[in-house]
Amino acid sequence: MKDKKLTSAAKAALNEQTENLSSDTQQRLRLAREQALQRADKGLWAHSPSWKWLSGAGAGIALASVIAFMIVPNLQSNSLSPLDDLELLTAEVDLDLVDDLEFYQWLDESLTEGSDES
Amino acid sequence: MKTLTDIEKFLIKNEKRAFVMARIATKDEDVALDLVQDTMLKLVSKYSKKPSAEWPPLFYRILQSRITDWYRRQGTQSRWRNWLGQSNNEEDEFNDSVLENQSNVNDLLPDESLQGFELNTILESAISELPVRQKQAFMLRAWQEFSTKETSAMMKCSEGSVKTHYSRAIATLKENLKDTPYKREFSQ
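Residues numbered from 1 in each chain as written. Chains lettered and ligands numbered in written order. Predicted model: local features only at pLDDT ≥ 70, side-chain atom pairs only at ≥ 80, totals over all residues. Heavy atoms only, no water.

Trainee: Help me out: how do you make sense of the overall build of chain B in this one?
Mentor: Per the secondary structure count, chain B includes ten helices and zero strands. In chain B, the order of α-helices and β-strands from amino to carboxyl end is α-α-α-α-α-α-α-α-α-α. When each of the 188 residues of chain B is scored for burial, the buried share is 51%. In chain B, of all internal contacts separated by at least 6 residues, the share reaching a separation of at least 24 is 61%. Of the roughly 9,300 Å² of accessible surface on chain B, a fraction of 47% belongs to carbon and sulfur atoms. (Helix = DSSP H or I, 4+ residues; strand = E, 2+ residues; numbered from the N terminus. Buried < 20%, exposed > 50% of the residue type's maximum accessible area, 1.4 Å probe, protein only. Contact = heavy atoms within 4.5 Å. Areas by Shrake-Rupley, 256 points an atom, 1.4 Å probe, with all protein chains shown as cover.)

Trainee: Got a minute to help me understand the packing of aromatic side chains in this structure?
Mentor: Residue and element names in this part refer to chain B. All told, the structure shown has six aromatic pairs over all chains when counted by the stated rule. Considering the side-chain rings of phenylalanine 138 and tyrosine 166, the 6.1 Å spacing of their centres and the 20 degrees angle between planes classify their relative orientation as stacked. One end of the pair, phenylalanine 138, is in helix α7 (residues 132-143); the other, tyrosine 166, is in helix α9 (residues 159-177), with 28 residues separating them in the sequence. For the pair formed by phenylalanine 138 and tyrosine 166, the shared burial category is buried. Ring pairing ties together the aromatic residues Phe10, Trp55, Phe59, Tyr60 and Phe146, which thus form one cluster. Above the face of the tyrosine 166 ring, arginine 141 is positioned so that its terminal group lies 5.4 Å from the ring centre. (Phe/Tyr/Trp six-rings, centres within 6.5 Å; stacked < 30°, edge-to-face > 60°. Lys NZ or Arg CZ within 6 Å of the ring centre and 35° of its normal.)

Trainee: Sorry if this is basic, but what is going on with the environment of B:Glu159 here?
Mentor: All names here are of chain B. Checked against the element boundaries, glutamate 159 lands in helix α9. Taking the C-alpha atoms as reference points, glutamate 159 and threonine 148, eleven residues apart in sequence, are found 5.9 Å from one another. Here glutamate 159 is in contact with Thr148, Lys149 and Ser152, once residues within four sequence places are set aside.

Trainee: I'm lost on the side chain of B:Glu124 in this one. Help?
Mentor: With respect to the secondary-structure elements, B:Glu124 resides in helix α6 (residues 119-128). For B:Glu124, which is buried and forms no salt bridge, the nearest opposite charge comes from B:Arg23, at a distance of 6.3 Å. When near neighbours in sequence (up to four residues on either side) are disregarded, B:Glu124 contacts A:Ala13, A:Glu16 and A:Gln17. (Lys, Arg positive; Asp, Glu negative; His and termini not counted. Salt bridge = Lys/Arg side-chain N within 4 Å of Asp/Glu carboxyl O.)

Trainee: Would you mind showing me how to read helix α8 (residues 148-155) of chain B here?
Mentor: Note on helix geometry: an α-helix contains 3.6 residues per turn, so any two residues three or four positions apart are oriented the same way. Buried residues dominate α8(B), accounting for six of its eight residues. When α8(B) is considered as a whole, its buried residues turn out to be B:Thr148, B:Thr151, B:Ser152, B:Ala153, B:Met154 and B:Met155.

Here it is in structure tokens:
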């Protein structure tokens, strides 16, 4: 009972914060939203800083793999050839998608369960 | 007259809450705005064609990931500064362990001024001082009213962990409200 009272009071406090954002903050949020929508419309997601960072990291990993392959050939004794590794590392795989696969599986299951119940 | 798309309506409905969540997590308005914008951009760019029922869990999952990444980056930068001999004691403490550490709202609020604070102000401070994972669990479960299952997917942890973080958050909040005028209202 006390827990419910606490969570209700906390919700009210957080709602109040949300409703009382300054006009400047609201304006900045609106601009941020518009920019996000515009950039998405223009397909500029690939040029965002985080994507650049990921691309740079990917290139770094690929370079390190090539160097490791050239310097330590004996370490490459697995079933996959070094060229296979390199292909995997340089392939234009959507890293976020790889990261999200498990989440999507869960989401699909949840939605299926939800529609079954209703 | 311009017609709002469904995704735009969704963003308008959720951007303020997302911002408050990010601001409470980072305690920095500019960082919070960047995180929310990045979240909106990713949702619109990658998932706008998904059914709209999937947007809320996706949106808040992206946001929580961005917040966690931000904490990790802070920790990494702190370690580099430490390694380069440019650290100070406060920054040394700021690493991944911050995700589990606890602090007390009374560290923020001077005792003598507590009586003058409104309940909402005290609660806001108490929530903002929760450890990151507790804060995430509390805001997603109590405020956004996501289920334990949904919250676990957003926080990328088990349902058991969500329950643990959430119950610890409640306990921490109660503990932090102990020395306030609202002690009796919320204690067992």
